[in-house]
Amino acid sequence: MKREFIKDDNEETNNRLVELLKAIPVRDLIARAIEARDMAYCPYSEYAVGAALLTKDGKTYLGCNIENAAYGPTNCAERTAIFKAVSEGERHFKAIAITGSPKGRKIDQFAFPCGVCRQVMMEFCNPETFIVIVAKSETDYKVYALKELIPEGFGPENLKG
Ligand SMILES: [Zn+2]
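Every value quoted in this text rests on a predicted model; they were computed, and no experiment measured them.

1. Section: the pairing of strand β3 (residues 93-102)
Item 1. Burial analysis of β3 places seven of its ten residues in the buried class, which makes it a mostly covered element.
Item 2. Bridge count for β3 against strand β4 (residues 131-135) is four bridges, and the pairing is parallel. Its bridge partner being in β4, Ile 98 is matched across the sheet by Val 134.
Item 3. On the question of chirality, the crossover connecting β3 to the parallel β4 by way of helix α4 (residues 115-124) is right-handed.

Listed below in structure tokens is the structure:
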């Protein structure tokens, strides 16, 4: 498998991801993210997003975007899933699948995580091994290591002396 969609893909990163992906039920995780998208509360943007987060122990936590009339308190699907998991005591994660498109429409675009969600992932996930799956369907998706989406990111490791 080669991630042809990635420009200047580095062979070492590619091979490592292919290896890590063997331990991830990719199709199932995407199906769960699609299911989570149905719960999106997005009356303002009308852009519905679903996420499914896989823990190291194989548990899945779902999240959807939850908007607010005051806009600022809005929460993304990815962070909803991560915060649900963390609040249940989970701390170790393997992958997240994300699906999004305008509400009521078939998923026809790749919905990448926003910068805030990428930063929250940096807090709890190893940027080298945590996998981000951005999907249109169970068979049409892109795969990244977190560090590819937030290069030179700032995380808990930076605070260690
Ligand atoms: Zn976000």
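2. Description of the environment of Tyr 41
Item 1. Looking at the secondary structure, you find Tyr 41 in the loop between α2 (26-37) and β1 (47-55).
Item 2. Taking the C-beta count within 10 Å as the criterion, Tyr 41 has 14 such neighbours and is therefore assigned partly exposed.
Item 3. Separated by 113 residues in sequence, Tyr 41 and Phe 154 place their C-alpha atoms 30 Å apart.
Item 4. Not counting residues up to four positions away in its chain, the partners in contact with Tyr 41 are Cys 64, Ile 66 and Glu 67.

3. As for the environment of His 92
Item 1. Tracing the backbone through its elements, the reader meets His 92 in the loop between α3 (77-87) and β3.
Item 2. Among the residues examined, His 92 registers 12 C-beta atoms within 10 Å and is labelled exposed.
Item 3. It is 5.8 Å that separates the C-alpha atoms of His 92 and Thr 55, two residues lying 37 residues apart in sequence.
Item 4. Non-local contacts of His 92, meaning those with residues more than four positions away in its chain, are made with Thr 55 and Lys 56.

Conventions and cut-offs
Counting from 1, residues in each chain are numbered in the order their sequence is written. Confidence filtering applies because this is a predicted model: local features only for residues at pLDDT of at least 70, side-chain atom pairs given and counted only at 80 or more, and all residues used for totals across whole chains, interfaces and linings. Three classes are used. A residue is buried when 20 or more other C-beta atoms lie within 10 Å of its own, exposed when 12 or fewer do, and partly exposed in between, with C-beta atoms placed from the backbone. The helix and strand labels rest on DSSP assignments: H or I over at least four residues marks a helix, E over at least two residues marks a strand, and numbering proceeds from the N terminus. Think of it this way: DSSP has to see at least two bridges between two strands before they count as a pair. Orienting the strands away from the viewer, one traces the path from the first strand over the helix to the second; a clockwise path indicates a right-handed crossover. Distance between backbone-placed C-beta atoms decides contact: two residues are in contact if it is within 7 Å.

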